[in-house]
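# Report on the structure
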Amino acid sequence: MNKDDFLKITRHNELASYFGITYPVLTKIIYKTDDAYKYHQFQIPKKNGGYRKIASPSKKLKLIQEQLKDVFYEIYPTKPSAHGFAKDKSIVTNAERHLDKRFIFNIDLSDFFGSIHFGRVRNLFKSSPFYFNNTVSTILAQICCFNNSLPQGAPTSPILSNMIAWKLDSQLQHLAKLTNSTYTRYADDISFSFTSKKRRLPEEIIILRDDEGSPGHALTHIIEENGFNINYEKVRLCSAFSRMEVTGLTVNEFLNVRRQYVRQISSMLYAWRKHGYVLAANEFNEKYDKRYRASKKPKSFLYVVKGKLAFLRSVRTGRDAIFNKLAKQFNDLVEDEYKFKIIEVTDPEINAISALWIIEACYDDEKGEAVITQGSAFQLKGIGIVTCAHVVSEKGKVFGSLEAFKHSDPTVRYELKVERICAHRDVAICSILVKEGIEPPEYGIEKSLNPIEMQQSVKLLGFPAYAPGQSHYIVDSKVAKVYKQSAVNKFEIDSLIREGNSGGPIIDAESNAVGIALEGARKESGNNGCLVISEIDDVIGTDEYKI
């Protein structure tokens, strides 16, 4: 049965049939089974102290909840801001939305699952998109609740918590839009980030007293109006001058784990190499693995190390030097079936990296204050230096001071001239004004002649949030969507295009340019969109775009 069949249920026996059982069997599971047998209750220690209460359902009840969980995911359209318990989202996608910001304001919701009581769950089933009658709604709430609230440990609790928080997410998204900030939620962790200066932080979200931040009245009202409460002991304001964290990941310059995490992996691999697998595993399980498990059996040391490395890769990407170093050590210790694939930089990729440029623009804003911005660019063979129009201009006016340089030597700078520009396509073609005796490097990327295809493997190159000494940025991605916008051919990739990456090339498996990175999904109208490289032909062939 699919979601349409589920939503048509009007009687208790139809609901039981949906689960493949009779109603008497269903009533025995949810009404006539003692709580001690219905749920196994235990506590697990929290990272920051205290304990988290877990209630794990019985096998029969869990089977029913698993069926409900699957159909709930079919019904629930995930909010863009909700990253916890959502398909294709994680703490990584949650944290990366807050990259390149000046301030991050984190707050926690108190007793998140416990505050979602039986009445709220039943009312959810009686309202959109379910519209079940009182009888069916009550039975479903009985299946999903324990001790009058959503239990942590039930398969249905995470997705139901997101459905209950639907209105909360909508209102906080709207508040973020009004205040020009970014909002995300991962379960009970709420994060707002800002690009504004400290004195301009929106009071609707954060009130500053003695440099300490507390939730603003509008933010507090929305949270409490939706039946939740703020845990004031876990309110944190972080600036770019300190370590900024979102859901445990550092977001200062790029996504990163804490140093302690990397050191732990390195220590585990060292113990494995020096003392052998058995002794290393025993030491880990006796000294460090304190987590509760119903089976009482120790974890496989191999899978623990592999899991930690896999998480490190998800955060720092598979091309990260630290990940590759540790993954190679791991590969030397295990059989082929457990080895990680190591991504080596190819010669064509090296050539594409060599063709990259950083563009720096200096101009006066509307208040007369000097502004310096940076973007990415690349040398396209036979064309020139290609970048985005918004990297070299604003409101149709080309910036007066433009310089280009290589990341390998930022002291050697070249004056940049915009030859052609098309604001509609957001693309510009530039050239280097060569000074006598200073010849610029001549590396270039070939333009791909092949059409872009869905799910095509591509790579995004550029310099997001560039700082002196920083290397290039390269991430493996896939084409998620091919579309036409205002008669312009574009495509979307499934990797985040960060600020500063605009103008960088999108290259294919042969390291030929298939597109130009435009802007990321964090922009109000953005969607990690890219310009199809063939669009540049019209810019070259039409005089109206010539400067």
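Reading guide: rules and limits
Residues numbered from 1 in each chain as written. Predicted model: local features only at pLDDT ≥ 70, side-chain atom pairs only at ≥ 80, totals over all residues. Heavy atoms only, no water. Helix = DSSP H or I, 4+ residues; strand = E, 2+ residues; numbered from the N terminus. Buried < 20%, exposed > 50% of the residue type's maximum accessible area, 1.4 Å probe, protein only. Contact = heavy atoms within 4.5 Å. Areas by Shrake-Rupley, 256 points an atom, 1.4 Å probe, with all protein chains shown as cover. Lys, Arg positive; Asp, Glu negative; His and termini not counted. Charge placed at Lys NZ, Arg CZ, Asp CG, Glu CD. Salt bridge = Lys/Arg side-chain N within 4 Å of Asp/Glu carboxyl O. Pairing = 2+ DSSP bridges. Axes fitted to C-alpha atoms, helices over the stretch in contact; angles between N-to-C directions. Parallel < 35°, antiparallel > 145°, perpendicular 65-115°, else oblique. Left-handed = near helix turned anticlockwise from the far one by under 90°. Expected span 1.5 Å × (residues − 1). Arc of directions from axis to C-beta. Core = buried A, V, L, I, M, F, W, Y, C linked by side-chain atoms within 4.5 Å. Domains from an automatic or database assignment. Patch = residues over 30% accessible without salt bridge, like charges linked within 9 Å, V, L, I, M, F, W, Y side chains within 5 Å. Disulfide = S-S within 2.5 Å.

Here we take up the overall build of the protein chain. For the protein chain, the count of helices and strands is 18 helices and 24 strands. Judged by the C-alpha coordinates and their principal axes, the protein chain covers about 90 × 60 × 55 Å. Every one of the 547 residues in the protein chain was classed for burial, and the buried ones make up 48%. Here the contacts in the protein chain between residues at least 6 apart in sequence split such that 64% fall between residues at least 24 apart. When the accessible surface of the protein chain is summed, it comes to about 28100 Å², and 49% of that surface belongs to carbon and sulfur atoms. Treating the 75 positive side-chain charges of the protein chain as one cloud and the 66 negative ones as another, the clouds have centres 8 Å apart.

This paragraph deals with the pattern of salt bridges. For the structure on display, the rule yields 19 salt bridges. In this structure, the salt-bridge partner of Glu446 is Lys381, at a minimum N-O distance of 3.7 Å. One end of the pair, Glu446, is in the loop between strand 18 (427-433) and strand 19 (457-462); the other, Lys381, is in the loop between strand 12 (370-380) and strand 13 (384-387), and 65 residues separate them in sequence.

This brings us to the sheet that holds strand 11 (residues 356-364). Taken together, six strands build a closed barrel; the order of strands is 11-12-13-18-17-16 and the barrel is antiparallel. When the angles between neighbouring strand axes are averaged without regard to direction, this sheet yields 40°.

Okay, the sheet that holds strand 8 (residues 230-239) next. On the basis of which strands lie adjacent, the open sheet formed by four strands has the order 4-5-3-8 and antiparallel pairing. Taken across any chain shown, the strands that pair with only one partner, and hence form the sheet edges, are strand 4 (182-186) and strand 8. Adjacent strand axes in the sheet meet at a mean angle of 15° when their direction is disregarded. Both strand 4 and strand 5 (residues 189-194) contribute to a ladder of five bridges, which runs antiparallel.

The next thing to look at is the packing of helix 14 (residues 301-316) against helix 15 (residues 321-331). Across the interface, helix 14 lies against helix 15 with an axial gap of 10 Å and an inter-helix angle of 160°. What the angle tells us is that helix 14 and helix 15 run roughly antiparallel. Remark: the crossing between helix 14 and helix 15 carries left-handed chirality. Here helix 14 contributes Leu302, Val305, Lys306, Leu309, Leu312, Arg313 and Arg316 to the contact with helix 15, which in turn contributes Ile322, Phe323, Leu326, Ala327 and Phe330.

What follows is about the pairing of strand 6 (residues 206-209). Consecutive side chains along a regular strand alternate between the two faces of the sheet. Across four bridges, strand 6 lies against strand 7 (residues 212-215) in antiparallel orientation. Looking at the pairing, Ile206 lines up with Pro215 of strand 7. Counting the residues between successive antiparallel strands, the hairpin from strand 6 to strand 7 contains two residues, one of them, Asp210, with a positive phi of roughly 55°.

A word on helix 10 (residues 166-178). Given a rise of 1.5 Å per residue, 13 residues ought to cover 18 Å, and the 19 Å separating the end C-alpha atoms of helix 10 matches this to within 8%. All of the buried residues along helix 10 are Leu168, Asp169, Leu172, Leu175 and Ala176. Projected onto a plane normal to the axis of helix 10, the buried residues spread over an arc of 125° and lie on a single side. Opposite the buried face of helix 10, by more than 90 degrees, sit the exposed residues Lys177 and Leu178. At the exit of helix 10 stands Asn180, carrying a positive phi of roughly 55°.

Time to look at unusual backbone geometry. Backbone torsion omega between Ser128 and Pro129 reads 5°, so that peptide bond is classified as cis. Tracing the sequence through the fold places Pro129 in the loop between helix 7 (118-126) and helix 8 (134-144). For Asp211, which is not glycine, the phi torsion reads 70° and is therefore positive. By secondary structure assignment, the location of Asp211 is in the loop between strand 6 and strand 7. A relative accessible area of 58% places Asp211 in the exposed class.

Membership of the largest hydrophobic core comes to 63 residues, with the highest contact counts inside it found for Phe6, Phe72 and Phe192. Three or more residues apiece are contributed to this core by two domains, here domain 1 (1-75 + 126-151) and domain 2 (78-113 + 158-256). Non-local contacts of Phe192, meaning those with residues more than four positions away in its chain, are made with His98, Phe103, Ile104, Phe105, Leu172, Ala176, Ser181, Thr182, Tyr183, Ile205 and Leu219. Membership of the second largest hydrophobic core comes to 47 residues, among which are Ile385, Ile474, Ile507 and Ile516.

Judged by side-chain charge, Arg102, Lys197, Arg199, Arg200 and Lys367 come together as a positively charged surface patch. Tracing the sequence through the fold places Arg199 in the loop between strand 5 and strand 6.

A word on helix 5 (residues 59-75). The end-to-end C-alpha distance of helix 5, which contains 17 residues, comes to 25 Å, matching closely the 24 Å that a straight helix rising 1.5 Å per residue would cover. Along helix 5, the residues classified as buried are Leu61, Ile64, Gln65, Leu68, Val71, Phe72 and Ile75. One side of helix 5 holds all its buried residues, which, seen down the axis, span an arc of 125°. Of the residues in helix 5, the exposed ones pointing more than 90 degrees away from the buried face are Lys59 and Leu63.

This part covers the pairing of strand 5. Across the six residues that make up strand 5, a large majority, five, are buried. Hairpin geometry of strand 4 and strand 5 is characterised by an intervening segment of two residues between the two adjacent antiparallel strands and by a positive phi of about 60° at Ala187.

To continue, consider the state of the cysteines. A covalent bond between the sulfur atoms of two cysteines is referred to as a disulfide. Applying the stated criterion across every chain yields a total of zero disulfides. Looking at Cys145, it has no disulfide partner, and the nearest cysteine sulfur is the one in Cys144, 6.5 Å off. For the unlinked cysteine Cys530, the closest cysteine sulfur is that of Cys388, found at 9.2 Å.

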